[in-house]
Amino acid sequence: MPSSAAARWRTCAALPAGLKALVVLSTVVGLGSYMITPFIGVLLVKGVGLDTGTAGLLVAVATFIQFGGSIVGGPVADRLGLKPTMTGALLLRALGLVLLALAVHVHALVLPAVVLVAAGPALYLPANKAYIVRSVADDLRPLFLAISAAALNVGMGLGPFLAVLLIGRDPAVLLFVLAGLFALFAVAHQVAMQPVAARPDAPAGQADSGGTLRGALREARRPVLFNVAAFYLYFSFQSFIGLYAAAESHLGLVGWVMLLNCAMMAILQPLLAGRIARAGYRGLLAGSFLLMAAGTAVMFLGGTPALLLGTAVFTVGEAFVFLRGDLEVVGRIPDRPAFAFGVQRLTTGVGGLFAGAAGGFLFGHFQHGGHPGRYWLAVAAQCAVVAVLGLVLGGPSAGRTDRTGTESAAGLEKEPAA
């Protein structure tokens, strides 16, 4: 153990200063983001004074831009560079928050405010992930992508609790405070991080062409489809756990459920990163979705213990499939990491869209029938079906990911985190 701890320390000490700074900055950016993201609808209704229908439409627009817009964020990062894209994205979000605060008095500012608030993450996150890929060796990629996800989950878990302290008094105060924070985050990125190329120059005779990119996307088709399924099932859990808890237990339980989900993700992904990278892709898909099926089946039992236990089991499967999904997509588009993570964010948006449509129908059906718990059995059945499809159609791992797994066995085996 001492030698492993010493090896880990030497590895971390040798990392580029910009990457160390990014890990810290990703945590505070996630914290700031989730002080606003869960409350956009509340702010539009209570602060700006919109009716719920209009507010819901704007939230849907914001969600689509935030996730689906990342397909544009990747090429933007390739053209402008990773550091400038991240800095500019943070400034855009700061400006959007200022406009949203002013929209309390000038309603015409609501639409541009929502667009800018959502466009920030669409540009920031693909560049953030690509910066990590460009800053570490292949064998460290799983670990540091997991650490990046852990930083986001810490923010997801703590941000809403901090926001409640301000939003109940004056929503405009929260918005102006957050705008100032994002402006500071932009300055910190500019000062602390070193420029990193979005991608290396293509070797002679291998210029980037539309045909090459289309071929890469065809190669990534299977992991993209399974990533859509994973996010569909995740949002089927996240989007309706509040309604179920309100009906079966109490709404305050939702905060603890989401905190457990985020805390476990923050711990498990870095801890198991090497194993997740080395596992066979078919087996990992089948096992992950079966765990998600078991977790949602436990939620059917109702009550606080069942919801917390079900969330814990569901989260284990989620931790495996989400990190491996990142690795599979970027492994199949190795020379365009910003674009690859833009594609990955798009799968998030598509999965969330499907979950909202299909999940809303299913939950409403069972709720009107007086058996809302059966919704979780329906989700569990879908998880089981995807597990079978993963075992049959998962296909081989990405070549780059396979190399990562081999190198992880030799290089990360000494690391307790692997």
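Thresholds applied
Residues numbered from 1 in each chain as written. Predicted model: local features only at pLDDT ≥ 70, side-chain atom pairs only at ≥ 80, totals over all residues. Heavy atoms only, no water. Core = buried A, V, L, I, M, F, W, Y, C linked by side-chain atoms within 4.5 Å. Buried < 20%, exposed > 50% of the residue type's maximum accessible area, 1.4 Å probe, protein only. Helix = DSSP H or I, 4+ residues; strand = E, 2+ residues; numbered from the N terminus. Contact = heavy atoms within 4.5 Å. Expected span 1.5 Å × (residues − 1). Phe/Tyr/Trp six-rings, centres within 6.5 Å; stacked < 30°, edge-to-face > 60°.

Visitor: Any chance you could explain the nonpolar core here in plain terms?
Guide: Looking at soluble globular proteins, one finds that nonpolar side chains tend to be buried together. By size, the foremost hydrophobic cluster in this structure holds 120 residues, and its most contacted members are L44, F237 and F289. A total of 14 residues in this core trace back to one element, the largest contributor, which is helix 7 (residues 110-135). Beyond its immediate chain neighbours, meaning those up to four positions away, L44 contacts G49, L50, A55, L58, V59, L100, V110 and V114.

Visitor: What should I look at first to understand helix 2 (residues 17-33) in this one?
Guide: It helps to recall that an α-helix has 3.6 residues per turn; residues three or four apart then point in one direction. A rise of 1.5 Å per residue sets the reference length of helix 2, with its 17 residues, at 24 Å; its end C-alpha atoms lie 24 Å apart and thus fit the reference within 8%. By the burial criterion, the buried members of helix 2 are G18, L19, A21, L22, L25, S26, V29, G30, G32 and S33.

Visitor: When you look at the packing of aromatic side chains in this model, what are you seeing that I'm missing?
Guide: When we look at a pair of aromatic rings, we describe it by the centre distance and by the angle of the planes. One pass over the full model with this rule turns up twelve aromatic pairs. Ring centres 5.3 Å apart and planes at 65 degrees place the aromatic pair Y234 and F235 in the edge-to-face group. In this pair, the class of Y234 matches that of F235, namely buried. Pairing F237 with F314 gives two aromatic rings, centres 4.9 Å apart and planes at 35 degrees, and the pair type is tilted. In this pair, F237 sits in helix 11 (residues 221-238) while F314 sits in helix 16 (residues 304-332), placing the two residues 77 residues apart along the sequence. Of the two residues, F237 and F314, both sit in the buried class.

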